[in-house]
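Descriptive structure summary
Here is what each chain is made of, one letter per residue.
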Amino acid sequence: MSERPPHNGPMGLNQARGDLNLPQIDHARLTDRLYSYAPQHAKINRHALRFNGPTPSQNVTRAKPTGPKLEPLPRLAVHQAHNQPEFIQQKALERLIVNGYVPPIKKSKKSAEISDESKVHEETVPEPEEKPRVPTPPKEKKPAHARVPLSMMKPAEPLDSLPTWLKDPLEIIHYIRTNRKVGFLYLTPAVPKSSIEYNPYNLKIVTHDRIDQADYYTLSRQGVTRMRDGEAEYTTLDRWEEEHLHYVKIVKISTFHLFRKWKAFSVWRKNVRNKKISTCRKDLEENLFIINPYLRPALLNIRELCHRLSDMGLCKVEKGHTYTLDGFRERQHDQLREVMEHLRDFRNIVKDVVRGACRTALLEAGFTPDDLYMMAVGDEYGVGGSSYMMEGDTEVYAETQDKMTYTEQANKRSHCRRLTSFIRLADYLIVNTMHVLAVNSVSTLLNYLTEQLQHTPNLGELQGLIDNDDDENKEDDRTTIAGLSSTEESEKEKVPPPLFISELLIEPLQLLFRPDCDHFQEGVAFIIQHFKDVVLSVDNLVPDSYFDAFTAPMINQKREEKTVGDGPSLASMFDDDKDMQGLCQNIREALNAAFDSARQYASMFEPYREFYRENESLNVQALADDEEADVAFFAESLEKYHKQHTQALSIKERRPIGLLLVDSTLLKQTLIPSPLRCLEAINEVLPMIARRRLDDILVEAQEGQFKLDTLPSSTNEYVDSLTFLDQIQERVDVLEESLGTIKEMYSLIDKYQVPTPPEDFAVYQTLQPSMTALRNSIDRAVSERDANIEKFCGCLDRDISELSKDVKQVKQESQDPMILDPNADRDTVMAKLSNLQDKMDQMQKTAFQYKSYQKNFKVEVTRFDDLEEAHSELKLKQLLWTSMKEWDEMDTEWTESEFSQLDPEDLAAHTTKYSKYVSQLEKGLPPNGVVPQLKARVEGMKAKLPVVTDLRNPALKQRHWELIETALNHKFTPEEPLTLGLLNELDAFSLTEEIQEVSAQASSEASLEGILKKVDDAWKVTEFVVLPHRDSKDVFILGGTDDIQVLLDDSLVNVATIASSRHVGPIKPRVDDWQKQLVLFSETIEEWLNCQRNWLYLESIFSAPDIQRQLPAEARMFMQVDKSWKEIMRKVNRLPNSMRAATQPGLLETFKNNNALLDQIQKCLEQYLESKRMVFPRFYFLSNDELLEILAQTRNPHAVQPHLRKCFDAIALLEFGGPPGTLPDSTTPSGDRAASPVGGKDAGGGKTAINDILAMISPENEKVGLGKGLKARGNVEDWLCKVEDAMVSSLRRLTKASIADYLQTPREQWVMNHASQVVLTVSQIMWARDITECLESDGDRHTELREAEQRCFVNLNQLAGLVRGVLPELVRSILCALITVDVHARDIVTDMVKLEVDNVSNFEWDRQLRYYWDIDIDNCVVKMSISNYVYGYEYLGASPRLVITPLTDRCYLCLMGALQLDLGGAPAGPAGTGKTETTKDLAKAL
């Protein structure tokens, strides 16, 4: 029997319903679900609150117009009707009847109902007239379905003879057709419908007593009849067989094959969805207040009130009105006061509505609200009569409440909690309305500001306005001052007036607005905050005691605790509202933009501010006192100040700039007086300066004319007259220029009407005649100049002759023999010389003046040689007698003063100076007896100077003076102080050598004592730098000792120098002590630093518990040294003086003993580290410090991580496991997460312990799993050996797995699935295998080799295509290394093709580095010529590979042969040719 669509008649419907195992459809319930009815009215309750009429909200709702009912289009209506199930079933039944089907007499009630409904539907739904539906005739001559009476069927054979083994429908058909004796067979489904093997043709043969009366088949040679629910469906046998074959083909299609699963899932999904919808519907019905008939009206009323309230605005701005900032704030305050009254009324109404609804709901639940009860009994809840209470209700509520049961108490609490939620919902509606109201008001204010900003002129327009003002002022000042031009007035009609007004003020240093932008920002921010305060003044309903009857009800005369909070917080909403903050920010930006434009407009007044600043800084008094003021200054000033006054008058007092009306009245009032004040100053100063200059010129002209008209009579008068003539000739041009200046000044006075006295103009009229008279006098004097010069020369010659006579007379007087007589009276001679010198000086001045006259008038200059000679001789004679006098005075002073007060340097300086005087006098004066006397005295003092210097040596001490006294044979006493005269008497100057020797010895001894004192002083202040060790408070170490070591070296050298001196005798004991101390200090500090160095090294080692546990004896020795060290350093910290600390008794021996112990500890430590390296030889790559750092943290496996790169070339990190819920430690050295693990299932996943080692990570972030069961336990060298073994085994296992994957996966994908080292190794294995197969093939080996070459090209092209794409960095590194290897493989194959290699034993193939997987040893083998090497599996990461050249191949061949023979290989060649890199790359290859 074939499966039919659901519209194949009632039987098809029933069959489909049975197949899907669907419940019977209840059409009544389905109809109820399809149609929605209005909610059922509640039973009338006389205790409920009743309204006398419709509420305002209901009136509004009823008044709303309803839209017209839309009917579908005619064709759409017909289409919808034809797709109804009843219509489809009816049409299907009609086709069955036309085909010969006879409906059964007995029908089920439901089928009859469906049929009736279909008929009714068919009658009610009209069909389109143009295309009537006609039944389709059958394709076969015989009807496909016909009713066959059961009496015509023959019964089947007994069960023993029935072929029950037949299961295939085709075999059953064949059986019934071949056995004529069989009339028919009973068939039933072989499996239940719930089985996945169920299908309409999976039948089995049964006897009549085993059939399922609800559903069974009968099969005969004529056809198949299915009996189901009392209905029969007949199908011919051929048709049934054909349908079976079609069914078999159809179920092979994926859609039909999975239909049962899909349908079961679909049914399950629909059931789950229906259950969820049902649950949600139930929850909504229980929780939605809008569904509650008692709370719905109140909720709608509140929403209506909120909607009306939201249309009200907090911001009130009158269009066309310009506000001051204070006025705007006052206007908003008035508006907000009005709004607050509305909000107060709104809250009271909402309170009444909410409480009334809560009362009604609580009454309908069967509970009396507490407020009604209390109001009835006159309790504190009495708030007056309620409009919601009906007459007589108070009497009912006033009755005494009965004590409630526990169930009633719980119910009342539940209802009160729900009503509390309703009150909270009202709060949310109110808060939302207040929030919207505030946001809308701020948005309205922003819209006003934005609208005004749109009319802001740009910079060019502002400049145009200023220029237009200037032009208009030039044309008609009065029109400009009166108002706007006609064009501006027309524009003013189009542009709305500005919203705010601000005054533009001017100061010398700035232009400013009042109020400025900051004041506007603060004012608007204050208004917005006032908006918020107004809406925040509406308190929440939940905490209000007005609703305590519901939020804290009375149960059994006991008040319940109020568990509800304060309700929604509008303040928090404002704090979190980004939109509100954005609006406020936009308002601030709008005000900033408005003031930016205003500032641009104000910047047009910068020239005004500049001249205002200059005018205010003008010093009128300084201007009056300024004699240098020229005409240009006065002309410029007068023009400038008149222009400034005109510009100030032209300023427009008010100018609209978009949002702001700029008021420039005060600016204009400030500017106008400024140039006027300056003009007054100029008007006062200009006439005064002009008169002063006029008087100066007149006086100078008149004086010049008088001097030129006077006749000279002496030499000086001639000189003065001629000199003045030259001066006045140069001066007259200046006077002419001054005359022009004065003329220009009086022209300015006349032009600008500067007030000037009339007498100034009268004096000005005499200026030109005076200048003309001066010119005439000059011309006359110039014509007489030559005659006056001749007269001047005659007078001058006479004066020179008189001067020569005076010189001769003075010279004769200076030749008096008394002057050079040594026996002459010194005072008389010096007085006479002084008189002659005065005369000589006066004559020299006169001669110099005569020379200057001759030079000025260009006359031959006279030479006064006699005067110069006489003057020089007189100067020397005066020097002689002055020197004699001064020397005698100094010699007396030196001889009589105490010897201790003599300064040898001063004596030497004076002696040297007078020696020079003696030399000059001997050369310049004739032989005389005075000069030798002076020379003898100077030379005598010069001979005494060495003795005086030695005796004044500050290093001389008492023992030295005793030696000197012995040499002089004289004892110096305080009664007879030592003087220079006494030394002369003792003839001390004859013992020069003895005194000099004593002085030298004293100096040497003083020098040695000074050096020793420096050493002593240096060590007194030198202290050790003591530092806390590792931030500890009681453990110290020495800081830097470089300065101490330098000082020690210097001290040793200095003390050795002192000790080697022959004058060390007096201080030798001190020197010996210092030598011993310094030697001891040197040895101690050396041992000290050595001890500190070793202690610091070992302290960090033995502070680790693991090291102490493994080296107990050494730890005890170190503890002994540690205790001694800390005690010594504590003492040094208290007394840090280096010399005292380092020379304490026994300290050197202590340090030597400690150093011996530390050396022994270090030897033991070296042996301990060597034992660790013997276990794990890779530790030889680590220094002792690095290895000790690892061993000191054996319990921390992660301590190995920083040192892995030195032990393993390509392992940067090990990935350790972690506790459940944590990620493995896979952080790379660069801080990134490592790449995904390569190596399969054991690389991670599942719960891992902290010491589990999961994978190794390369520096390139490649991660390779190490297998399961690898743990970091025990000694670190042991588990690192296991890591090494796991590395080898994992890489070998991954390589083997990759070979298998290579044969199943495309090479492009295979490259990305494996580790870099595995990819390179397996790729070379497969390449060697392919080439070997080609060379061992039974076919044409050359052809196969060429095909292998083409495969190499294809593989390289594929890899190149991958590289050109977007790849992870790790994959790109793998591909680059693989391409390098593949290029070399391609070159090898190409060369073999050219050389026609056809045998595996050919040397061209045998000399190549080849990789094979040896089946016998199950391992990778590397071969090259006679060399055979098992692959080492040392992890290489994703490191790059060296480009292989023919030279590289030859190096490989040589080195592989050396390895095979256990010999060494040493590539030779120039530097930088790749010897080292080639050897390293061969190591990577192996």
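Residues numbered from 1 in each chain as written. Predicted model: local features only at pLDDT ≥ 70, side-chain atom pairs only at ≥ 80, totals over all residues. Heavy atoms only, no water.

Here we come to the overall build of the protein chain. Within the protein chain, the regular secondary structure consists of 54 helices and 20 strands. Of all intrachain contacts in the protein chain linking residues separated by at least 6 positions in sequence, the fraction that spans at least 24 positions is 73%. (Helix = DSSP H or I, 4+ residues; strand = E, 2+ residues; numbered from the N terminus. Contact = heavy atoms within 4.5 Å.)

Here we come to a nonpolar patch on the surface. On the surface, Ile250, Ile253 and Phe256 cluster together to form a nonpolar patch covering roughly 260 Å² of accessible area. Tracing the backbone through its elements, the reader meets Phe256 in helix α9 (residues 254-257). By relative accessible area, which is 46% here, Phe256 ends up partly exposed. (Patch = residues over 30% accessible without salt bridge, like charges linked within 9 Å, V, L, I, M, F, W, Y side chains within 5 Å. Areas by Shrake-Rupley, 256 points an atom, 1.4 Å probe, with all protein chains shown as cover. Salt bridge = Lys/Arg side-chain N within 4 Å of Asp/Glu carboxyl O. Buried < 20%, exposed > 50% of the residue type's maximum accessible area, 1.4 Å probe, protein only.)

Turning our eyes to something else, we now look at the sheet that holds strand β10 (residues 654-657). Reading across the sheet, the four strands line up as β7-β6-β11-β10 and stay open at both edges, with mixed pairing between neighbours. Two strands bound the open sheet, and with one partner strand each, they are β7 (511-514) and β10. The average undirected angle you get between the axes of adjacent strands in this sheet is 30°. Summarising the sheet, strand β6 (residues 500-506) and strand β11 (residues 660-663) pair through four bridges and their orientation is parallel. Bridge pairing in β11 places Ser502 opposite Val662. (Pairing = 2+ DSSP bridges. Axes fitted to C-alpha atoms, helices over the stretch in contact; angles between N-to-C directions.)

Below, the discussion takes up the sheet that holds strand β20 (residues 1427-1430). Strands in a sheet are paired, the pairing made by backbone hydrogen bonds, and the direction either parallel or antiparallel. Taking strand neighbours across the sheet as the criterion, the three strands line up as β18-β19-β20 in an open arrangement whose pairing is antiparallel. In this open sheet, the two strands that pair with only one neighbour each are β18 (1410-1414) and β20. Each adjacent strand pair in this sheet contributes to an overall mean axis angle of 30°, direction not counted. Sheet topology note: the β18/strand β19 (residues 1419-1424) ladder contains five bridges and is antiparallel. For Tyr1412, the partnering residue across the bridge sits in β19 and is Val1421.

Using the criterion set out here, one finds 28 aromatic pairs in the structure. Among the aromatic residues, ring-to-ring pairing joins Trp1019, Phe1024, Phe1081, Trp1088, Trp1095, Trp1125 and Phe1151 into one connected group. Over the ring of Tyr546 we find Lys351, and its NZ or CZ is 4.3 Å from the ring centre. Positioned above the aromatic ring of Tyr546 is the side chain of Arg355, whose terminal nitrogen or guanidinium carbon lies 3.9 Å from the ring centre. (Phe/Tyr/Trp six-rings, centres within 6.5 Å; stacked < 30°, edge-to-face > 60°. Lys NZ or Arg CZ within 6 Å of the ring centre and 35° of its normal.)

The next thing to look at is the side chain of Gln1408. Mapped onto the fold, Gln1408 is located in the loop between α52 (1403-1406) and β18. There is a polar contact of 3.1 Å between the side chain of Gln1408 and the backbone oxygen of Glu1404. Those residues within four positions of Gln1408 in sequence are excluded, and the remaining contacts are His1384, Ile1388, Lys1423, Met1424 and Asp1449. (Polar contact = N/O pair within 3.5 Å; in protein donor to acceptor, adjacent residues only side chain to side chain.)

Where like charges cluster on the molecular surface, the negative patch consists of Glu893, Asp903, Glu905 and Asp906. Structurally, the position occupied by Asp906 is in helix α34 (residues 904-924). You can call Asp906 partly exposed: its relative accessible area is 33%. (Lys, Arg positive; Asp, Glu negative; His and termini not counted. Charge placed at Lys NZ, Arg CZ, Asp CG, Glu CD.)

Proteins that are soluble and globular tend to have nonpolar side chains buried together. Of all hydrophobic cores here, the largest spans 117 residues; its most connected members are Trp1019, Phe1024, Trp1088, Leu1214 and Trp1279. Setting aside residues up to four positions removed in sequence, Trp1088 forms contacts with Phe1024, Leu1038, Trp1125, Ile1128, Met1129, Val1132, Ala1141, Ala1142, Leu1147 and Phe1151. Listed in part, the 91 residues of the second largest apolar core include Leu336, Leu362, Phe595 and Leu659. (Core = buried A, V, L, I, M, F, W, Y, C linked by side-chain atoms within 4.5 Å.)

With that settled, the discussion passes to the pairing of strand β3 (residues 215-220). With six of six residues buried, β3 lies mostly within the body of the structure. Burial along β3 is two-sided: Asp215, Tyr217 and Leu219 and Tyr216, Thr218 and Ser220, pointing in opposite directions, are all buried. Pairing geometry for strand β1 (residues 184-189) and β3, over four bridges, is antiparallel. Each residue of the ladder has a partner; that of Tyr186, found in β3, is Thr218. When β3 meets strand β4 (residues 223-228), the two strands line up antiparallel, connected through five bridges. Directly across from Tyr217, in β4, lies its bridge partner Arg226. Count of turn residues in the β3/β4 antiparallel hairpin: two residues.

Checked against the element boundaries, Asp827 lands in helix α32 (residues 826-856). The exposure class of Asp827 is exposed, given its relative accessible area of 54%. Note: C-alpha distance between Asp827 and Lys885 (58 residues apart in sequence) is 9.5 Å.

One way to put it is that helix α40 (residues 1068-1102) packs onto helix α42 (residues 1112-1134) with a least axis distance of 10 Å and a crossing angle of 125°. Comparing their axes, α42 and α40 come out oblique. Regarding α40 and α42, the two cross each other, and that crossing is left-handed. Contacts between α40 and α42 involve Trp1088, Cys1091, Gln1092, Trp1095, Leu1098, Glu1099 and Phe1102 from the former and Glu1114, Ala1115, Phe1118, Asp1122, Trp1125, Lys1126, Ile1128, Met1129 and Val1132 from the latter. The residue makeup of the contact of α40 with α42, split by class, is eleven nonpolar, one polar and four charged. (Parallel < 35°, antiparallel > 145°, perpendicular 65-115°, else oblique. Left-handed = near helix turned anticlockwise from the far one by under 90°. Nonpolar A, V, L, I, M, F, W, Y, C, P; charged D, E, K, R; others polar.)

Another point: the pairing of strand β14 (residues 1213-1216). Side chains Leu1213 and Glu1215 project from β14 onto one buried face, and the interleaved Leu1214 and Phe1216 project onto a second face that is buried too. Where β14 meets strand β16 (residues 1253-1257), four bridges bridge the pair, whose relative direction is antiparallel. Its bridge partner lying in β16, Phe1216 is registered against Ile1253.

Here we come to the packing of α40 against helix α44 (residues 1147-1175). A pair of packed helices can be characterised by two numbers: the angle between their axes and the separation between those axes. Across the interface, α40 lies against α44 with an axial gap of 9 Å and an inter-helix angle of 35°. Every pair of crossing elements has a handedness; the one defined by α40 and α44 is left-handed. Along the lines of polarity and charge, the residues of the contact of α40 with α44 split into 14 nonpolar, six polar and four charged.

Now for the pattern of salt bridges. Applying the stated criterion to the full structure yields 34 salt bridges. Taking the shortest distance from any N to any O, the salt bridge between Asp1330 and Arg1329 comes out at 2.9 Å. The partly exposed category is assigned to Arg1329, whose relative accessible area is 33%. Overlapping salt bridges bring together Arg177, Asp238 and Glu241 as one network.

So, on to the environment of Gly1465. With respect to the element layout, Gly1465 can be found in the loop between α53 (1446-1460) and α54 (1475-1485). The spatial distance from the C-alpha of Gly1465 to the C-alpha of Leu1455 is 5.5 Å, given a sequence separation of ten residues.

All right, on to unusual backbone geometry then. Backbone torsion omega between Arg514 and Pro515 reads -5°, so that peptide bond is classified as cis. For Pro515, the position within the fold is in the loop between β7 and α19 (517-536). Phi angles above zero are rare outside glycine, and Asp1418 is one such case at about 55°. Relative to the elements of secondary structure, Asp1418 occurs in the loop between β18 and β19. Residue Asp1418 is classed as partly exposed on the basis of its relative accessible area, which comes to 24%.

As a further point, take the confidence of the model for the protein chain. Per-residue confidence for the protein chain averages 76 on the pLDDT scale, and 80% of its residues sit at or above 70. Mean pLDDT across the elements of the protein chain bottoms out in helix α1 (residues 9-20) (36) and peaks in β19 (92). Here residues 29-45 is a poorly scored stretch, pLDDT under 50, and it has eight contacts once near neighbours within four places are set aside; other chains count. Predicted confidence for residues 376-400 stays below pLDDT 50, and this span has 36 contacts to residues more than four positions away or in other chains. (pLDDT = per-residue confidence, 0-100.)

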